[in-house]
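Chain residues, written in single-letter form:
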Amino acid sequence: MINLSLLAVFIPTFFFVSATPGMCMTLSMTLGMTIGLKRTLWMMAGELVGVGLVAFLSVIGVAALMLQYPELFELFKYLGGAYLGYLGIQLWRSRGKMALGQPGDAPVTSRRELVLQGFITAVANPKGWAFFVALLPPFISDQHPLMPQVTVLLALILVIEFICLLLYASGGRTLRRFLSGSHNVRLMNRLAGTLMMGVGVWLALG
């Protein structure tokens, strides 16, 4: 279905791009820091659905259509960025559902909220659309059926993206343990809040 030599180029290329710090990876690290790796998996689920959707629609040309109607896309970006910025402010003030409390406090962020955060961050990222439009076509051959090739590439994309998200979330969990051991809960909330606000600004203005 796909030339193995092309896959040998595609896999390291996408892994490098995916592992580069960006909105989704920063969000994964932030949530790993504040709510832990296990609950961050729900955000990852939403993010992977969003990434898969963006990649698929980019291949079939919907990205070009979205570029013709940027107003709705801009509105979606701003709303998503404002929401993440609000969560960042709550974290910075050590308030809200995601703020790390004292030992024994249970996180109360719902799974639906986490899935939605990941999905919005992935879908509303214009650089993601541009990246897939530029990256995927060279790896698709017109000598073979389209859908089998797209299926293989999407599967590889989602696996690589998930691995990178896990690495970032694990880094946030490690930082959480370090700062919690030093009794710097407020510092950790403020660090996480700053990162979250940064993701929100990045999303809105990217």
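In this text the structure is predicted, and so the values were computed from the model without any measurement.

## Some details on the overall build of the protein
(1) Moving on: When you go through the protein residue by residue, the secondary structure sums to nine helices and zero strands.
(2) Moving on: If you list the helices and strands of the protein from N to C, you get α-α-α-α-α-α-α-α-α.
(3) Moving on: Across the 206 residues that make up the protein, the buried fraction comes to 42%.

## With respect to the confidence of the model for the protein
(1) Moving on: Overall, the prediction assigns the protein a mean pLDDT of 78, with 81% of residues at 70 or greater.
(2) Moving on: Within the model, the stretch residues 102–107 combines pLDDT values under 50 with one contact to residues more than four positions away or in other chains.

## With respect to helix 1 (residues 4–19)
(1) Moving on: End to end, helix 1 covers 22 Å across 16 residues, agreeing with the expected 22 Å (1.5 Å per residue, within 8%).
(2) Moving on: Turning to helix 1, its buried residues are L7, F10, F14 and S18. One face of helix 1 carries all of its buried residues, which in axial projection span an arc of 65°. Turned more than 90 degrees away from the buried face of helix 1 sit A8 and F16, all of them exposed.

## Regarding a nonpolar patch on the surface
(1) Moving on: A contiguous nonpolar patch, built from F15, V159, I163 and L167 and spanning about 360 Å² of accessible area, is present on the exposed surface.
(2) Moving on: By residue number, the principal contributor to the nonpolar patch is helix 8 (residues 146–181), which donates three residues.
(3) Moving on: In this structure, I163 sits in helix 8.

## With respect to the packing of aromatic side chains
(1) Moving on: Applying the stated criterion across every chain, the model contains one aromatic pair.
(2) Moving on: Each ring, one from F10 and one from F14, has its centre 6.1 Å from the other, and the planes form 10°; the classification is stacked. With F10 and F14 both in helix 1 and four residues apart, this pair spans about one turn of that helix. Note on accessibility: F10 and F14 belong to one class, buried.

## Details of the nonpolar core
(1) Moving on: Counting residues in each nonpolar core, the largest one holds 45 residues, and the members touching the most others are F10, F14, L31, F132, L136, I157 and M196.
(2) Moving on: If you list the elements that add at least two residues to this core, you get helix 1, helix 2 (23–34), helix 3 (37–60), helix 5 (70–92), helix 6 (111–123), helix 7 (126–135), helix 8 and helix 9 (185–205).
(3) Moving on: Ranked by residues supplied to this core, first place goes to helix 8 with nine residues.

## Focus on helix 6
(1) Moving on: Its 13 residues place the ends of helix 6 18 Å apart at the C-alpha level, agreeing with the 18 Å of an ideal helix rising 1.5 Å per residue.
(2) Moving on: Listed as buried for helix 6 are L114, Q117, G118, I120, T121, A122 and V123.

Reading guide: rules and limits
Residues numbered from 1 in each chain as written. Predicted model: local features only at pLDDT ≥ 70, side-chain atom pairs only at ≥ 80, totals over all residues. Heavy atoms only, no water. Helix = DSSP H or I, 4+ residues; strand = E, 2+ residues; numbered from the N terminus. Buried < 20%, exposed > 50% of the residue type's maximum accessible area, 1.4 Å probe, protein only. pLDDT = per-residue confidence, 0-100. Contact = heavy atoms within 4.5 Å. Expected span 1.5 Å × (residues − 1). Arc of directions from axis to C-beta. Patch = residues over 30% accessible without salt bridge, like charges linked within 9 Å, V, L, I, M, F, W, Y side chains within 5 Å. Areas by Shrake-Rupley, 256 points an atom, 1.4 Å probe, with all protein chains shown as cover. Salt bridge = Lys/Arg side-chain N within 4 Å of Asp/Glu carboxyl O. Phe/Tyr/Trp six-rings, centres within 6.5 Å; stacked < 30°, edge-to-face > 60°. Core = buried A, V, L, I, M, F, W, Y, C linked by side-chain atoms within 4.5 Å.

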